[in-house]
Amino acid sequence: MFKLPSRHTPRILVFLFDLGIVCVSLIAAYFIRFDFVESVDEVMETEWEQIRLAIPLFILIRAACFYFGKTYRGIIRYTNTQDTKRIFLNVLLGTLIIIGLSPIRYHFYDGFYLFPRPIIIIEFLLSLFLLITSRMVIKLLHLESKKSSEPSKVIIYGAGELGRILKNTLERDTRENYQIVAYTDDAKKLDKKILEGIPVIHSSKLDDFLSKNKVDKLIVGILNPESKKRKAILDICLKNDVQTLSVPPIQDWLNGELSSSQIRPVKIEDLLGRQEIKLNISKISEIHEGKTILVTGGAGSIGSEIVRQIARFNPAQLIALDQAESAIYDLENECKRNFPDLNLTTIIADISDQVRIENVFKTFRPHLVYHAAAYKHVPLMEDNPSEAIKTNVFGTKILASIASEFKVEKFVMISTDKAVNPTNVMGASKRIAEIFCQALNSQSETQFITTRFGNVLGTNGSVIPLFKKQIAEGGPVTVTHPDITRFFMTIPEACQLVLEACTMGSGGEIYVFDMGESIKIVDLAKQMIKLSGLELDKDIEIKFSGLRPGEKLYEELLTSEENTIPTHHEKIMIGKVKSYGFEDVSQKIEELIQLRETQKNLDIVSSMKKLVPEYISNNSEFSQLDKNN
């Protein structure tokens, strides 16, 4: 295959090459003007007197325009629209100068024009055409020399402006040989049309097209496509073993231009197909604007996203509290970049340190508290129940009690579906925290609100980052059980619903979020493998490791004794749960906290089961406590 030299052409050669092109164009203009009939001698005899002084001036004008216009400075093999524009303007400028000097010569020198007007026009068109075409030919030769011999066949989803930009980006890619075989679009009017030589097929015909044609990749060339349509396209691609990629938002393009290096596999969140959440923005803004707001667990996946969401509503002060110093430092720097006007305070603290938490409330006197700090890993808490009690129960008790003492307006606790009919220490500890907040609400001016939802995609330590790591390492991908299912939602979606629940809560409610349909974890693993462009059992295998201590096959958002009341938001419901007296609950929780000091796991968990009778251990050493009941 032909290859261009790896070194760039010296600028002086480019400059001389351009001058040579315009000189050839001038000569060719005379041949075209005289219809190629007369010999060169005859042309020179009749025209020489006119052009003998004009040719040096012509070369001088063109050279000056090229020099000062810097047309020679662009790297030819990377010619772009800006280079083409520069060439056009400088060739046009030279032509206008020649036209302008012609009458000066005629009237004040020897009665001749520099060149006949037809010659000037033809030379302009030829020079422009040859200068641009020569660069494009060299660029194409360079691109072809860099591409692999086997093309990657691609379909672009979206036949709009972005789709065409994507096509042009792929065609000039120097690393991979892309072959655009079709566009697919949801607009029926575009079906069977030809766009820049590429056929357009309606998205309803995509499945049939992929089954009959070899296609390697589909790239989403639509920004923020409708979630259901996007999911349908992804499902079709997964079915036909077609890798799916997408382009980044326009604001992330390099210097305002899309680069093929920025094209990435679609996120697993796109497979949820969940509709965009509609929020009561005015109400959320009204509650948060001008307020001092404390977010515990502020450096975590949920807490940090709550910080980002609240930052948009102009709080007077936003306090992110966490014991993870590196993560809180990263959040602080991110907020400085993205929200330069935000009054953010970061605090390193343990929520179970009562003296420290009291000082935080005395110093800042928050109006609202979002409590996202918690231990959440089921197997780890199964081995360390005393730590689950310390943070999830005792820490919550300290925060809630101090919030009530300082008459915080609203206290929003982030809970989990694992608190429903818990089978593990973590879930039971969160249920006890829920119970305390509900009981405290009955005798406090603070409105205590609980939000309960399932797994959130991409949170620290969740299954998605684990699968990504395992796939990157070549596998295997480990799933605990072939039938295990979980509810999922995205981090922004969960946090948006938390803010919405805060606006509607008046105290004592447990808000349950619509999590959609539960998803089999093994199906999620298979989809992630396919989205990575790999083949199951050939490139990556899935292994079943067995249920972990405390883990159950499926999660619930409500117990069998609970039901829901709808709210004005279709994705948020109020769970009707059992109420508890504060004195009784407070005494039992205090006893549990004191028992924690013994570090006797069986005694601690036994006490938890008395507080939460529905807590039945699963696949755990604590199952023996259930047999004795």
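Anyway, here's the lowdown on the structure attached to this text. Everything quoted here is computed from the prediction, not taken from an experiment.

### Some thoughts on helix 8 (residues 227–239)
- Along its 13 residues, helix 8 runs 18 Å from first to last C-alpha, staying within 8% of the 18 Å computed at 1.5 Å per residue.
- Of all the positions in helix 8, only Ser227, Ile233, Leu234, Ile236, Cys237 and Leu238 are classed as buried.
- Structurally, helix 8 contributes buried residues whose contacts are with strand 1 (152–157), helix 7 (206–212), strand 5 (217–220), strand 6 (243–246) and helix 18 (521–531).
- Looking one or two residues past helix 8, Asp241 carries a phi angle of roughly 55°, positive in sign.

### Description of the packing of helix 1 (residues 11–33) against helix 3 (residues 54–69)
- Here helix 1 crosses helix 3 at 140°, and the two axes come no closer than 10 Å. Regarding the angle of helix 1 to helix 3, the classification is oblique. Here the hand of the crossing between helix 1 and helix 3 comes out right-handed. Residues Phe15, Asp18, Leu19, Val22, Cys23 and Leu26 of helix 1 touch helix 3, and the partners they reach there are Ile55, Phe58, Ile59, Arg62, Ala63, Phe66 and Tyr67.
- Of the residues that constitute the contact of helix 1 with helix 3, the class distribution is 11 nonpolar, no polar and 2 charged.

### A look at the side chain of Ser352
- Topologically, Ser352 is positioned in the loop between strand 10 (344–348) and helix 12 (354–364).
- A distance of 2.8 Å separates polar atoms of two side chains, one belonging to Ser352 and the other to Asp350.
- Ignoring any residue separated from it by four or fewer positions in sequence, one finds Ser352 in contact with Lys390, Phe394, Gly395 and Ile398.

### Quick notes on the sheet that holds strand 1
- What the 7 strands build is an open sheet, ordered 3-4-2-1-5-6-7; its pairing is mixed. Looking at strand neighbours, the two that pair on one side only are strand 3 (194–195) and strand 7 (264–265), the edges of this open sheet.
- Where strand 6 and strand 7 come together, 2 bridges link them in antiparallel fashion. Bridge pairing in strand 7 places Ser246 opposite Arg264.
- Lying over the sheet, helix 6 (residues 161–171) contacts strand 1, strand 2 (178–185), strand 3, strand 4 (198–202) and strand 5, oriented at roughly 170° with respect to strand 2.

### Topic: the environment of Glu597
- Turning to its location among the elements, Glu597 is positioned in the loop between helix 19 (582–596) and helix 20 (601–611).
- Each C-alpha atom, one on Glu597 and one on Lys390, is 9.5 Å from the other, the two residues being 207 residues apart in sequence.
- In terms of polar contacts, Glu597 uses its side chain to reach the side chain of Arg596, at 3.3 Å.

### Comments concerning the nonpolar core
- Ranked by size, the top nonpolar core spans 49 residues in total, and within it Leu321, Phe361, Phe411, Val425, Ile432, Ile589 and Met608 carry the most contacts.
- Where this core is concerned, the elements lending two or more residues are strand 9 (317–322), helix 12, helix 13 (378–383), helix 14 (385–405), strand 12 (410–416), helix 15 (425–441), helix 19 and helix 20.
- Ranked by the residues each element gives to this core, the list is headed by helix 15, at 10 residues.
- Leaving out residues up to four positions away in the same chain, Phe411 has contacts with Val369, His371, Leu399, Ala400, Ala403, Cys437, Thr446, Gln447, Phe448 and Ile449.
- In this structure, Leu318, Ile449, Val498 and Cys502 belong to the second largest nonpolar core, which totals 39 residues.

### Some points on a nonpolar patch on the surface
- A cluster of nonpolar side chains, Ile12, Leu13 and Leu16, forms an exposed patch at the surface whose accessible area comes to about 280 Å².
- Within the secondary structure layout, Ile12 lies in helix 1.

### Quick notes on the packing of aromatic side chains
- This structure, assessed with the given rule, holds 4 aromatic pairs.
- Residues Tyr67 and Phe68 carry aromatic rings whose centres are separated by 5.1 Å and whose planes lie at 85° to one another, so their mutual orientation is edge-to-face.
- Judged by centre distance (5.2 Å) and plane angle (45°), the ring pair of Phe411 and Phe448 falls under tilted. Of this pair, Phe411 sits in strand 12 while Phe448 sits in strand 13 (residues 447–453), and the two are 37 residues apart along the sequence.
- If you follow Lys609 out to its NZ or CZ, it ends over the ring of Tyr615, 3.7 Å from the centre.

### Here's the deal with a negative patch on the surface
- On the surface, Glu535, Asp537, Asp539 and Glu541 cluster together to form a negatively charged patch.
- Among the secondary structure elements, Glu535 is positioned in the loop between helix 18 and strand 20 (542–544).

### Some remarks on the pattern of salt bridges
- Considering all chains together, one arrives at 21 salt bridges under this definition.
- Close ionic contact of Arg164 with Glu161 constitutes a salt bridge, the shortest N to O distance being 2.9 Å. Of the two residues, Arg164 and Glu161 both sit in helix 6, 3 residues apart, roughly one turn of that helix.
- Given the relative accessible area of 23%, Arg164 is considered partly exposed.
- On the basis of relative accessibility, which here comes to 52%, the residue Glu161 falls in the exposed class.
- The residue Lys167 makes a salt bridge to Glu196 at a minimum N-O spacing of 3.3 Å. In this pair, Lys167 sits in helix 6 while Glu196 sits in the loop between strand 3 and strand 4, placing the two residues 29 residues apart along the sequence.

Cut-offs applied
Residues numbered from 1 in each chain as written. Predicted model: local features only at pLDDT ≥ 70, side-chain atom pairs only at ≥ 80, totals over all residues. Heavy atoms only, no water. Helix = DSSP H or I, 4+ residues; strand = E, 2+ residues; numbered from the N terminus. Expected span 1.5 Å × (residues − 1). Buried < 20%, exposed > 50% of the residue type's maximum accessible area, 1.4 Å probe, protein only. Contact = heavy atoms within 4.5 Å. Axes fitted to C-alpha atoms, helices over the stretch in contact; angles between N-to-C directions. Parallel < 35°, antiparallel > 145°, perpendicular 65-115°, else oblique. Left-handed = near helix turned anticlockwise from the far one by under 90°. Nonpolar A, V, L, I, M, F, W, Y, C, P; charged D, E, K, R; others polar. Polar contact = N/O pair within 3.5 Å; in protein donor to acceptor, adjacent residues only side chain to side chain. Pairing = 2+ DSSP bridges. Core = buried A, V, L, I, M, F, W, Y, C linked by side-chain atoms within 4.5 Å. Patch = residues over 30% accessible without salt bridge, like charges linked within 9 Å, V, L, I, M, F, W, Y side chains within 5 Å. Areas by Shrake-Rupley, 256 points an atom, 1.4 Å probe, with all protein chains shown as cover. Salt bridge = Lys/Arg side-chain N within 4 Å of Asp/Glu carboxyl O. Phe/Tyr/Trp six-rings, centres within 6.5 Å; stacked < 30°, edge-to-face > 60°. Lys NZ or Arg CZ within 6 Å of the ring centre and 35° of its normal. Lys, Arg positive; Asp, Glu negative; His and termini not counted. Charge placed at Lys NZ, Arg CZ, Asp CG, Glu CD.

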